[in-house]
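The primary structure of each chain is shown beneath.
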Amino acid sequence: MHSPDLTAQNVERIAALFPGCVTESTGPDGTLRRAIDFDLLRQELSDSIVEGPQERYHLDWPGKRQALVTANAPIAKTLRPVRAESVDFDTTRNLFIEGDNLEALKLLQETYLGKVKMIYIDPPYNTGNDFVYDDDFAESAAEFLAKSNQVDEAGNRLVANTQSNGRFHSDWLSMMYPRLKLARNLLAEDGVIFISIDDGEISSLRTICDEVFGSDKFVSCFVWKSRQNKDNRNVTNASIDHEYILCYGNGIKGETRKITQYQNPDSDPRGPWTSANMVGIATADRRPNLHYDLIHPDTGANYGCPDMGWRYDRNTMARLINEDRILWPSSSDGRPRRKAFLDELQSDVTGFSSIVAPEIYTRNGTANILELFGVRIFDFPKPVELLKILVEQGSPNGGLVVDFFAGSAATAHAVFSKNAEDGMLRQVMCAQIAEKLDLNDPNQRTAATFCKENGFPQVISEISKERIRRAGAKILEGECHPDWNRDVGFRVLKIDTSNMADVYYTPDATSQADLLTRVDNIKPDRSPEDLLFQVLLDWGVDLTLPITRESVAGKTVFTVAGTALIACFDNGVDEALVKTLATRHPLRVVFKDTGFKDDATKINVKQIFKSLSPDTEVKAI
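Residues numbered from 1 in each chain as written. Predicted model: local features only at pLDDT ≥ 70, side-chain atom pairs only at ≥ 80, totals over all residues. Heavy atoms only, no water.

Draft legend 1. A look at the nonpolar core. Judged by nonpolar contacts, the single largest core of 70 residues is most densely connected at Leu-180, Leu-205 and Leu-543. Among the elements that line this core, the one with the most residues is helix α6 (residues 168-186), at nine residues. Leaving out residues up to four positions away in the same chain, Leu-543 has contacts with Leu-79, Leu-95, Leu-108, Thr-111, Tyr-112, Arg-491, Leu-493, Phe-533, Leu-536 and Leu-537. (Core = buried A, V, L, I, M, F, W, Y, C linked by side-chain atoms within 4.5 Å. Buried < 20%, exposed > 50% of the residue type's maximum accessible area, 1.4 Å probe, protein only. Helix = DSSP H or I, 4+ residues; strand = E, 2+ residues; numbered from the N terminus. Contact = heavy atoms within 4.5 Å.)

Draft legend 2. Spotlight on the packing of helix α10 (residues 384-394) against helix α11 (residues 410-422). Two elements in contact, α10 and α11, have axes separated by 8 Å at closest approach and are oriented at 65°. Classified by the angle between their axes, α10 and α11 sit roughly perpendicular to one another. Note on packing geometry: the crossing formed by α10 with α11 is right-handed. Side by side, α10 and α11 meet where Val-384, Leu-387, Lys-388, Val-391 and Glu-392 of the first sit next to Ala-410, Thr-411, His-413, Ala-414, Val-415, Ser-417, Lys-418 and Glu-421 of the second. In terms of residue class, the contact of α10 with α11 is made up of six nonpolar, three polar and four charged. (Axes fitted to C-alpha atoms, helices over the stretch in contact; angles between N-to-C directions. Parallel < 35°, antiparallel > 145°, perpendicular 65-115°, else oblique. Left-handed = near helix turned anticlockwise from the far one by under 90°. Nonpolar A, V, L, I, M, F, W, Y, C, P; charged D, E, K, R; others polar.)

Draft legend 3. The side chain of Gln-109, seen in detail. Within the fold, Gln-109 resides in the loop between α4 (101-107) and β5 (116-121). A polar contact of 3.1 Å, which involves the side chain of Gln-109, links it to the backbone oxygen of Leu-182. Within the structure, Gln-109 has its side chain in polar contact with the side chain of Asn-185 (distance 2.8 Å). Aside from chain neighbours lying at most four places away, what touches Gln-109 is Leu-182, Asn-185 and Leu-186. (Polar contact = N/O pair within 3.5 Å; in protein donor to acceptor, adjacent residues only side chain to side chain.)

Draft legend 4. Summary view of the environment of Met-278. Positionally, Met-278 belongs in the loop between β12 (273-276) and α8 (314-322). The spacing of Met-278 and Gly-309 is 31 residues in sequence and 9.0 Å in space, taken between C-alpha atoms. Beyond its immediate stretch of four places on either side in the chain, Met-278 contacts Leu-294, Trp-310, Arg-311, Tyr-312, Met-317, Ile-326, Pro-336, Arg-337 and Arg-338.

Draft legend 5. The pattern of salt bridges, seen in detail. Scanning the model with the defined rule gives 40 salt bridges in all. For Lys-253, the salt bridge is made with Glu-392, and the minimal N-O distance between the two is 2.9 Å. Of this pair, Lys-253 sits in the loop between β10 (242-249) and β11 (255-256) while Glu-392 is found in helix α10, placing the two residues 139 residues apart along the sequence. Residue Glu-392 is classed as partly exposed on the basis of its relative accessible area, which comes to 26%. Residues Lys-465 and Glu-462 are paired through a salt bridge, measuring 3.0 Å at the closest nitrogen-oxygen approach. Linking Lys-465 with Glu-462, this pair stays in helix α13 (residues 460-477), spanning three residues, or about one helical turn. We note that Lys-465, like Glu-462, is buried. A cluster of three or more residues bridged by salt bridges with shared partners is formed by Lys-253, Glu-385, Lys-388, Glu-392, Lys-418 and Glu-421. (Salt bridge = Lys/Arg side-chain N within 4 Å of Asp/Glu carboxyl O.)

Draft legend 6. How the structure looks around the sheet that holds strand β18 (residues 426-432). Spatially, 10 strands are ordered β3-β19-β4-β18-β17-β5-β8-β10-β9-β16 in an open sheet, and the strand pairing comes out mixed. In this open sheet, the two edge strands, each paired with only one partner strand, are β3 (77-81) and β16 (355-356). The strands touched by α10 are β5, β8 (187-197), β9 (218-225), β10, β16 and β18; relative to β5, the strand with the most contacts, the crossing angle is about 155°. Those strands touched by α11 are β5, β17 (399-403) and β18, and its axis lies near 170° from that of β18. (Pairing = 2+ DSSP bridges.)

Draft legend 7. Structural detail: the pairing of strand β22 (residues 565-568). Where burial is concerned, the two faces of β22 agree: the one with Leu-565 and Ala-567 and the one with Ile-566 and Cys-568 are both buried. For strand β21 (residues 555-560) and β22, the ladder comprises three bridges, and the chain directions are antiparallel. Residue pairing across strands places Val-560 opposite Leu-565, the latter belonging to β22. Taken together, β21 and the strand that follows it, β22, pair antiparallel across an intervening segment of four residues, in which Ala-561 is found at a positive phi of about 50°. Here β22 runs beside strand β23 (residues 588-591); their pairing, made up of three bridges, is parallel. Residue pairing in the sheet places Ala-567 in a bridge with Val-590 of β23. What joins β22 to β23 is helix α16 (residues 575-582), and the crossover it makes is right-handed. (Right-handed = clockwise from strand over helix to strand, strands pointing away.)

Draft legend 8. Seen up close, the pairing of strand β14 (residues 337-341). The element β14 is largely enclosed, with a buried count of four among its five residues. Across four bridges, β12 lies against β14 in antiparallel orientation. Within β14, the residue paired with Ser-275 across the bridge is Lys-339. Two strands pair when backbone bridges link them, and strand β13 (residues 326-327) and β14 are joined in this way by two bridges, in the antiparallel orientation. What sits directly across from Leu-327, in β14, is Arg-337.

Draft legend 9. Region of interest: α16. Those residues of α16 not exposed but buried are Leu-577, Val-578, Leu-581 and Ala-582. The buried residues of α16 occupy an angular sector of 140° when projected down its axis, which confines them to one face. Elements that come into contact with the buried residues of α16 comprise β20 (547-552), β21, β22, β23 and α17 (599-612). (Arc of directions from axis to C-beta.)

Draft legend 10. Examining unusual backbone geometry more closely. Backbone geometry at Ala-553 places phi at a positive 55°, although glycine is not the residue there. Structurally, Ala-553 is set in the loop between β20 and β21. For His-585, which is not glycine, the phi dihedral falls at a positive 55°. Following the sequence through the fold, His-585 ends up in the loop between α16 and β23. Its relative accessible area of 46% is what places His-585 among the partly exposed residues.

Draft legend 11. Quick peek at the sheet that holds β13. Pairing within the open sheet is antiparallel, and its three strands lie in the order β12-β14-β13. Both outer strands of the open sheet, β12 and β13, are each paired with one neighbouring strand and no more.

Draft legend 12. Fine view of the packing of aromatic side chains. Per the stated rule, a full pass over the model turns up 12 aromatic pairs. Note on Trp-61 and Tyr-177: the rings are 5.4 Å apart at their centroids and 85° apart in plane angle, and the pair reads as edge-to-face. With a gap of 116 residues between them, Trp-61 in the loop between α2 (38-44) and α3 (64-72) and Tyr-177 in helix α6 connect regions that are remote in the sequence. Residues Trp-61 and Tyr-177 agree in their burial class; the two are buried. A cation over an aromatic ring shows up here: Arg-206 above the ring of Phe-218, its NZ or CZ 3.6 Å from the ring centre. (Phe/Tyr/Trp six-rings, centres within 6.5 Å; stacked < 30°, edge-to-face > 60°. Lys NZ or Arg CZ within 6 Å of the ring centre and 35° of its normal.)

Draft legend 13. Highlighting α17. A rise of 1.5 Å per residue sets the reference length of α17, with its 14 residues, at 20 Å; its end C-alpha atoms lie 20 Å apart and thus fit the reference within 8%. The sharpest bend along α17 reaches about 40° and sits at Val-605. Among all positions in α17, only Thr-601, Val-605, Ile-608 and Phe-609 are buried. Elements that come into contact with the buried residues of α17 comprise α16, β23 and β24 (617-620). (Expected span 1.5 Å × (residues − 1). Bend = angle between axes of the 7 residues up to and from the residue.)

Quick look at the structure:
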């Protein structure tokens, strides 16, 4: 009897929080055991680069420590709602976030921590011509934070990662690493992530996913035959016809078991059954107890012994015979089989093949685009039918599906389509940077022309949003499951600087007049709805909850999901309005710090809620 191994328990606790910090080391007896990489753990807990030994079992590349700093560095950003670009803004449960997906993931950390059922991403494949996000990995955390407080200049977030770049693979890994670390935090306990990738980075991606999600969370490396016809242009004469879809999590749905073969022709009181094979899989020298002649107990007919023996030993076979579970053939050269009853099945599902979506190719994704736009506006979009298969495997019973490399918005299209088929209430959240389209670039001309002709800014995110609009409308025109809520809307939220004005002045550079102008610390171009969404972020309230706007005592009042949150950002808020709102007993209430009618109201507001609604959390911004 031994007392608990507290060190081992502590290692397990740290592994749950920081799986990337767990490695292997040699114990005193020479055996390998789990251990903590303290250098990486120190880095996780530091806002600057921590130097340390490099010799250990894990994937390293130039810039990895900077990428970890990038993942952990805070940002001073917010999400601003854009009603004009949204569909069913007040009632939809879907989101489209426009901006750098690294910043989007950071902004969503508190609100959606552990709440995402499935993530699918189709990141740049690092072929040498793709664009990757330029996160300035050589910056310190302080410099990164300073940069994050600035308004992005158009086009400064993307750099071409050409093969002439000496950090060809390192740059790609440094782009993916912080995003995957942040994505892991969003996954629910039963959540899964699917990542499309090709041969170029599959080995590196598998290694960093093992580090980020834990190697024990590896589900499968699915193979998808994306090319229908052979590629005869390859100088190696090898036609690369496939891509991969890496999956990590605690498991997927599996294939629904077919039970049509279960019948009951002999009216067996034990119910429907099917004929099952009893031939074994072991040679006589390996399992001699499974090699024996099987003899009919009534007729004495000897059915011999298969080359690989039987599946059951003599005792088990005798029990099956006594229970009348053996199907005896009429001919002595036949093979006895077993009755397998439907009610004995342990599961309604079988294994899902690692070869996915046969007969579905990239050309099907192109056809999806042509059907909606009439022109080939995206190159090599993923087929909707492929993603519907993944959606069914990753979120069979509903839940939140996230794609933070939205691109052609095929994931949103697939979620809507699958919901219309099975009636589930999946939500979808997409993020896409406003990457510029160049009319002079032959590869981007069709997309840029489409945007120009339709009055959209010439950026990819505009096409992503338009694809969701058109796909949703088309799906509603067809047959939909009666249980589906028909939600094909989405709220557009754009990443921007904080709504709060920056006040960085030294006392000797600030006059009394300047102080008076800075009483209201909210930027003049920000609307009450901008403030509402910043409050939702700060409080960690679901950004898709229904919002209503009403007039109470002449003031505009926002109500989120009934009593989840009430907000009023008007000026001149008096005690009468405060008391009215308190009688609704909201969970949270927020006002503008400078919006009260007088100092007495500002001082008394918490006391009023304490008296009338003591459980309400009160805040002023």
